[in-house]
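# Results of the structural survey
Listed below, chain by chain, are the residues.
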Amino acid sequence: MKRTRTGRRPYALLCVLVLLADTSASEAVAGDGPGPLGVTVAARATARTVRVGALFDRQGGDLAGGHFCTASVVRSPHRDLVVTAAHCLAGRGALYFAPGYRDGKAPYGMWEVDRVFLPAGWREGQDEDSDVAFAVLAGEGDGQEVEDVVGGNRFVTGSVTGAGVVTVTGYPDAAEAPSTCSNRPVARSATQQRIDCPDFTGGTSGSPWVNGSGDVVGVLGGHEQGGATADVSYSVVLGGGAGALYREAAADP
């Protein structure tokens, strides 16, 4: 599994899984991403990468070294939704999401997690095939939601594993900026997919797998809670259960 620097195991958690009203239930084909493939580098701050952020269990003080998982903004009617791994959300108190976090600073704010949605399979038995979750974030006092500030990617189910290159972006515990790597996923099983990208250590659980069309087609987690080594990572194959959970979270008022 992806462990933190201190050996803490990111915990499991709370509610269900979902798909957007405009997300097609038909197969989505991934587009090719940037090269070179299978090389992990520091992610540049761009309009797309700032949709990815770090999860914290505190809002104030020195943020450096305090992040423990990764999440990313996905489009939703209320513009307030992030997706991550289910094992990132459980056993903790207040949680905060910092999109575009870098070098101890949260340039787009610290957004408090208001409600979480975990799949029943994870809540009832930490089923590795259910290791996807959503969190609804509290809005700002001026009425802005997180998607208004940084935008969001579509959450898409039914994509064909290996149909194209995906880009994985996440926050290793030992780094204060995100890492990114592009490669073509392969099937581990009918319910799990894997990608070969070096140096995806603890803290990268929850990282989005984004295809060339800008769709989230995987979330780092699943088998071994994301992988027992830093060079191989996993994701649940996003299917009907993930789509149902997305729809539930996206409809939350």
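This text goes with the structure placed above it.
Let me begin by describing the structure that accompanies this report. (Residues numbered from 1 in each chain as written. Predicted model: local features only at pLDDT ≥ 70, side-chain atom pairs only at ≥ 80, totals over all residues. Heavy atoms only, no water.)

### Focus on the overall build of the chain
- Of regular secondary structure, the chain possesses 3 helices and 15 strands.
- Put simply, the chain has 253 residues, and 55% of those count as buried.
- A sequence separation of at least 24 residues applies to 74% of the contacts in the chain between residues at least 6 apart.
- When the accessible surface of the chain is summed, it comes to about 9500 Å², and 49% of that surface belongs to carbon and sulfur atoms. (Helix = DSSP H or I, 4+ residues; strand = E, 2+ residues; numbered from the N terminus. Buried < 20%, exposed > 50% of the residue type's maximum accessible area, 1.4 Å probe, protein only. Contact = heavy atoms within 4.5 Å. Areas by Shrake-Rupley, 256 points an atom, 1.4 Å probe, with all protein chains shown as cover.)

### Thoughts on the pattern of salt bridges
- With the rule as written, the count across this model stands at 5 salt bridges.
- For aspartate 252, the salt bridge identified is with arginine 115, shortest N-O distance 2.4 Å. Placement of the pair is aspartate 252 in the segment after α3 (240–251) and arginine 115 in strand β6 (residues 111–117), with a sequence separation of 137 residues.
- A salt bridge links aspartate 196 to arginine 194; the shortest N-O distance between them is 2.5 Å.
- The class for arginine 194 is partly exposed, based on a relative accessible area of 26%.
- Through salt bridges with shared partners, a single ionic network connects Asp114, Arg115 and Asp252. (Salt bridge = Lys/Arg side-chain N within 4 Å of Asp/Glu carboxyl O.)

### Points about the state of the cysteines
- Taken as a whole and assessed by the stated rule, the structure comprises 2 disulfides.
- Shown here is the disulfide that connects cysteine 181 with cysteine 197, its sulfur atoms set 2.1 Å apart. Judged by the torsion about the S-S bond (-80 degrees), the cysteine 181/cysteine 197 disulfide is left-handed. Linking cysteine 181 in strand β10 (residues 179–183) with cysteine 197 in the loop between β12 (192–196) and β13 (208–211), this pair joins segments that are 16 residues apart in sequence. For the pair shown, cysteine 181 and cysteine 197 are each scored as buried. (Disulfide = S-S within 2.5 Å.)

### A look at the sheet that holds strand β8 (residues 154–155)
- Across the sheet, which stays open at both edges, the 6 strands sit in the order β1-β10-β9-β13-β14-β8 with mixed pairing between neighbours. Two strands close off the open sheet at either side, each with one partner strand: β1 (41–42) and β8.
- Sheet topology places β8 next to strand β14 (residues 215–219); 2 bridges connect them, and they run parallel. Bridge pairing links phenylalanine 155 to valine 216 in β14. (Pairing = 2+ DSSP bridges.)

### A short note on α3
- Between the first and last C-alpha of α3 there are 16 Å, a value that for 12 residues agrees with the 16 Å anticipated at 1.5 Å per step.
- Within α3, the full set of buried residues consists of Ala242, Gly243, Leu245, Tyr246, Ala249 and Ala250. With its buried residues spanning 165 degrees around the axis, α3 presents them on a single face. Facing away from the buried side of α3 by over 90 degrees, the exposed positions are Gly240 and Ala251.
- The secondary structure elements touched by the buried residues of α3 are β3 (67–74), β4 (81–84), β6, β7 (133–137) and β8. (Expected span 1.5 Å × (residues − 1). Arc of directions from axis to C-beta.)

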